[in-house]
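# Fold and contact review
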Amino acid sequence: MVLAKLIDLTVRDGQQSLLATRMSTEDILEIVELLDKAGFYALEVWGGATFDAPLRFLNEDPWERLKAIREVVKRTKLMMLLRGMNLVGYWHYPKDVVNAFIEYAHKDGIDIFRVFDALNDLSNLEFPVKKVKEVGAEVQVCMVYTTSPVHTTEYYVKLAEEILSRFEPDAITIKDMSGILKPYVAYELVKEIKRLGAKVNVHSHATAGLAPLTLLKSIEAGADYVDVTLSSLSLYTSHTPAESLIEALRGTPYDTGVNVEPLYEASRRLWVIRRKYRRFDYALKEPPVDVRVLKHQIPGGMLSNLLAQLKEVHAEDKLEEVLEEVVRVREDLGWPPLVTPVSQIVGTQAVLNVIAGRYKAVIDELIEYVRGKYGKPPAPISKDLIKLIEKRLSERRESKKVARVTLEDAKKELPSECVEKFEDYITYALFPNVAKDFLCG
């Protein structure tokens, strides 16, 4: 029998889901020191929004945060979430930037890279996965989970087969960012992927209240890893509480072997720390369970973003219309999974459609999506939308072309007095304006 190992997400996805990624490095270090004593397989501590949020809002260097965590965490592997060619940003970066980012992330402490593409377009994962293997780190390749007329269990089994043949990853992660994976569907899917000979990790948010049940059925089906957070930063749009799952499985054939004692203290401390971030706390604004997510499929962080966009135009009462429009826009775009950066594209366009009329105004990122700049959609894009985009492009003297910053560009553009380490060039290539303010300010 395969015993599931636990991966803790508290200081990355947990705080990103509930605290708008505002936790300081000082508070994070206090928690990971205790998490390191429990016996988790890995701690997810970096990637996703935990790279640019410290730069934008906390005046902190994400590279220094990673190094500090590595100094404190002595026993447990460190993991990060990598958005494929998007890295920790919202568009595809040049290969030299991807190459350097992965190299230095590994050098500074990352042992496991969890890699995904928002459209499950595996061609977008070829280069980053190859680089992760080259540096000698573990690689988990994600299947971004969603439901639609094209996203069936058969679709995901076929995708898993292709992932295994193309990448031979250390594990396949079922990435359920919206919390819509149902327990018996998870059981069937894990069983089918295990039959292919793969190790399986299950990642599921608690938004719809399903995650604890989904993880339990996944473990019974043979999942090798499942994702949890400390109880004091769990549930709502976060994840299954670690302590609860550990105790539920204690003394059974699925006993995790994780020591719950340091987690009690870590959770107590985190509950105190969490009070500092009350103005960002999702749990103080929204109900604990939102079953509507099974329809609109928007991840929790995006829900709060949509509400903020509506508040800017004094249209908070339009949220229900926007949620319905999200489903229509998603269908128009070929049923993409709603994960960064596609969730932001679909959500923002849905807001515009409700406020200004359907596609009366079109964001540049949606145009880039339709032009194939984000990869291949799961299903065909609406022909009417393609015609509209082509018309808009023909009306412009020239389409907007965003020049991506290469490492060589960064070395030329970033003043030498602003550079203390090579990673500063990478930061600039990722977020030029934000990085310059941070590094030279």
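Here's a quick rundown of the structure. (Residues numbered from 1 in each chain as written. Predicted model: local features only at pLDDT ≥ 70, side-chain atom pairs only at ≥ 80, totals over all residues. Heavy atoms only, no water.)

## As for the overall build of the protein chain
Let me state the cut-off plainly: By the criteria applied, helices consist of DSSP H or I runs no shorter than four residues and strands consist of E runs no shorter than two, each listed in order from the N terminus. To get the radius of gyration, use the C-alpha atoms; to get the globule rule, take the number of residues to the power 0.38 and multiply by 2.2 Å. By definition, residues are in contact when any of their heavy atoms lie within 4.5 Å. Each accessible area is a Shrake-Rupley estimate made with a 1.4 Å probe; only the visible protein chains count as cover when residues are assessed.
Regarding its fold elements, the protein chain presents 20 helices and eight strands. The C-alpha atoms of the protein chain give 21 Å as radius of gyration, which agrees with the globular expectation for 441 residues (22 Å, within 12%). Summarising its shape, the C-alpha atoms of the protein chain cover approximately 65 × 55 × 45 Å along the three principal directions. Restricting to contacts in the protein chain with at least 6 residues of sequence separation, those with at least 24 account for 75%. A total accessible area of about 18,100 Å² is found for the protein chain, and carbon and sulfur atoms account for 50% of it.

## Observations concerning helix H9 (residues 211–220)
Because the α-helix completes a turn every 3.6 residues, residues three or four places apart line up on one side. Formally: To sort residues, take the accessible area from a 1.4 Å probe on protein chains only and compare it with the maximum for the residue type: under 20% means buried, over 50% means exposed, and anything in between is partly exposed.
Every buried residue belonging to H9 is among Ala211, Thr214, Leu215, Lys217, Ser218 and Ile219, and all of these are buried. Each element contacted by the buried residues of H9 is listed here: helix H8 (183–195), strand E7 (200–204), strand E8 (225–228) and helix H10 (242–249). Note on H9: the residue one or two positions beyond its end, Gly222, has a positive phi of about 110 degrees.

## Thoughts on unusual backbone geometry
For residues besides glycine, phi is generally negative; the peptide bonds are generally trans as well. Residue Pro341 is bonded to the preceding Thr340 through a cis peptide linkage, with omega at 5 degrees. Along the chain, Pro341 turns up in the loop between helix H14 (319–332) and helix H15 (342–356). The phi torsion at Thr21 lies on the positive side, around 60 degrees, for a residue other than glycine. Locating Thr21 in the fold gives a position in the loop between helix H1 (10–18) and helix H2 (25–35). Accessibility expressed as a relative area gives 4% for Thr21, which makes it buried. For Leu87, which is not glycine, the phi dihedral falls at a positive 55 degrees. Within the secondary structure, Leu87 sits in the loop between strand E3 (77–82) and helix H5 (95–107).

## Here's the deal with the environment of Tyr369
The topology assignment puts Tyr369 in helix H16 (residues 364–370). Distance in space between the C-alpha atoms of Tyr369 and Leu333 is 8.4 Å, their sequence separation being 36 residues. Setting aside its immediate chain neighbours within four residues, Tyr369 contacts Leu119, Leu333, Pro336, Val342, Tyr374, Pro377 and Ile381.

## Points about the sheet that holds strand E2 (residues 42–47)
Operational definition: Between any two strands, pairing holds if DSSP finds at least two bridges. Comment: axis = line fitted to C-alpha atoms, over the contacting stretch for helices; angle = value between 0 and 180 degrees taken between N-to-C directions.
The eight strands lie next to each other as E1-E2-E3-E4-E5-E6-E7-E8, forming a closed barrel whose pairing is parallel. Neighbouring strand axes in the sheet, compared pairwise and without regard to direction, differ in orientation by 30 degrees on average. Of the pairings in the sheet, the one linking strand E4 (residues 112–115) to strand E5 (residues 138–144) comprises four bridges and is parallel in character. Each residue of the ladder has a partner; that of Phe113, found in E5, is Val139. Sheet strands in contact with H5 are E2, E3 and E4, and its direction is about 160 degrees off that of E3.

## Structural notes on H10
Here is the rule: Arc, as used here, means the arc of the directions from the helix axis to the C-beta atoms.
Regarding H10, the residues found buried are Ala242, Glu243, Leu245, Ile246 and Leu249. Take H10 and look down its axis: the buried residues cluster within an arc of 165 degrees, on one side only. Of the surrounding elements, those touching the buried residues of H10 are strand E1 (5–8), H9, E8 and helix H11 (261–274). Taken from the residues just after H10, Gly251 is the one with a positive phi, measuring 80 degrees.

## A few points about the pairing of strand E6 (residues 171–176)
In plain terms, the rule: With the strands pointing away from the viewer, any crossover whose connection runs clockwise from the first strand over the helix to the second is right-handed.
Buried residues dominate E6, accounting for six of its six residues. Here E6 shows a buried face lined by Ala171, Thr173 and Lys175 and a second buried face lined by Ile172, Ile174 and Asp176. Of the strand pairs in this sheet, E5 and E6 are connected by five bridges, and their pairing is parallel. Pairing of Cys142 across the sheet is with Thr173, part of E6. For the handedness criterion, the β-α-β arrangement of E5, helix H7 (residues 153–167) and E6 is classed as right-handed. In this fold, the crossover linking E6 to E7 by way of H8 has right-handed handedness.

## Side note on the side chain of Thr237
Mapped onto the elements, Thr237 comes out in the loop between E8 and H10. Taking the relative accessible area as the measure of exposure, Thr237 reaches 3% and is therefore buried. Among all residues touching Thr237, those that are not within four sequence positions of it are Ser17, Leu18, His205, Thr207, Tyr282 and Gly300.

## A closer look at empty space enclosed by the protein
To find leftover empty space, one rolls a probe the size of a water molecule over the atoms. Inclusion rule: The way it works is a 1 Å grid over only the protein atoms, where trapped points that fit a 1.4 Å probe form a cavity and open points with protein on both sides within 12 Å along at least five of seven lines form a pocket, and then any residue with an atom within 4 Å of a point lines it. Grid points are joined across faces, edges and corners, and a volume is the space filled by probe spheres set on the points. Side-chain classes follow a simple rule in which Ala, Val, Leu, Ile, Met, Phe, Trp, Tyr, Cys and Pro form the nonpolar group, Asp, Glu, Lys and Arg form the charged group, and the remainder, Gly included, forms the polar group.
Inspection of the entire model under this criterion finds one cavity of 30 Å³ or more. Lining the largest cavity are Ile298, Met302, Val326, Leu338, Ser343, Val346 and Gly347. Take the lining of the largest cavity: its biggest share by element is three residues, from H15. Residue composition of the lining of the largest cavity, by class: five nonpolar, two polar and no charged.

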